[in-house]
Amino acid sequence: MIKTLLSVGFLLCVGLSFGQDANKIHPGKQVRIEKQTPVLTAEMQQYAVANGSYIADRPSGDGKESAFDGQISMENAQKVDPKAMGIKIIDRNQFFEIAGTGKVLVVKSTWVLENEMKTKR
């Protein structure tokens, strides 16, 4: 009985030790994948004239206050082209509160625009 308990205890220790060693990061064996942020090209800017933004309902529900990148009028929000609105397209989606409405303007990121352009080809 004691031999069995000692054997189980020993195997448990060996297993834990091996598991901890397996989780360590070994220098030179770590692979890092980095993606470069898509650059806003002339082609992408042209695509954004008709597809650069959209209007959505303002999120509601969980009691948290939404953080916006700014506020915009409905007149400007309907232009669709971020450049015409005076908004620079960046590497993340931007959210603007549309004044006097329960709506939000979503300006698409360079990531989204690039992906949409690739899938429409």
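For the structure, check the block above.
Residues numbered from 1 in each chain as written. Predicted model: local features only at pLDDT ≥ 70, side-chain atom pairs only at ≥ 80, totals over all residues. Heavy atoms only, no water.

Moving on: the environment of T37. Relative to the helices and strands, T37 is located in the loop between α1 (2-22) and α2 (42-51). On the basis of relative accessibility, which here comes to 39%, the residue T37 falls in the partly exposed class. C-alpha of T37 to C-alpha of R92: the two residues are 55 residues apart in sequence and 9.7 Å apart in space. Ignoring anything within four residues of it in the chain, the contact list for T37 reads D91, T110 and W111. (Helix = DSSP H or I, 4+ residues; strand = E, 2+ residues; numbered from the N terminus. Buried < 20%, exposed > 50% of the residue type's maximum accessible area, 1.4 Å probe, protein only. Contact = heavy atoms within 4.5 Å.)

The subject of this paragraph is the pattern of salt bridges. A side chain of one charge can pair with a side chain of the opposite charge if their charged atoms are brought near each other. Applying the stated criterion to the full structure yields 4 salt bridges. Put simply, R58 and E97 hold a salt bridge, and the shortest N to O gap is 2.8 Å. With R58 in the loop between β1 (53-57) and β2 (70-72) and E97 in strand β3 (residues 94-98), this pair connects stretches of sequence that are 39 residues apart. Given a relative accessible area of 26%, R58 falls into the partly exposed group. Two residues, R92 and D69, come together in a salt bridge whose shortest N-O distance is 2.7 Å. (Salt bridge = Lys/Arg side-chain N within 4 Å of Asp/Glu carboxyl O.)

Another aspect to go through is unusual backbone geometry. You will see that V80, though not glycine, has its phi angle at about 70 degrees, which is positive. Following the sequence through the fold, V80 ends up in the loop between α3 (74-77) and α4 (82-85).

We now examine the nonpolar core. Of all hydrophobic cores here, the largest spans 8 residues; its members are I72, A77, M85, I87, F96, I98, L105 and V107. Every element with two or more residues in this core is listed here: β3 and β4 (103-107). Those residues within four positions of F96 in sequence are excluded, and the remaining contacts are F68, D69, G70, Q71, I72, I87, K103, V104, L105 and V107. Membership of the second largest hydrophobic core comes to 6 residues, among which are M44, Y47, I89 and M117. (Core = buried A, V, L, I, M, F, W, Y, C linked by side-chain atoms within 4.5 Å.)

Given 3.6 residues per helical turn, the α-helix brings residues three or four places apart onto the same face. What α2 keeps buried is the set M44, Q45, Y47 and A48. Burial along α2 is one-sided: seen end-on, the buried residues are contained in an arc of 160 degrees. Counted as exposed and oriented over 90 degrees from the buried face of α2: A42, Q46 and A50. On its buried side, α2 packs onto α4 and α5 (110-120). (Arc of directions from axis to C-beta.)

So, on to the side chain of S53. Counting through the fold element by element, S53 comes out in strand β1. For S53, a relative accessible area of 9% translates into the label buried. At a separation of 2.8 Å, a polar atom in the side chain of S53 contacts the main-chain carbonyl oxygen of V80. Contacts of S53, omitting those with residues within four sequence positions, involve V80, M85, L105, V106 and V107. (Polar contact = N/O pair within 3.5 Å; in protein donor to acceptor, adjacent residues only side chain to side chain.)

Purely geometric stuff here, so don't read any function into it on its own.
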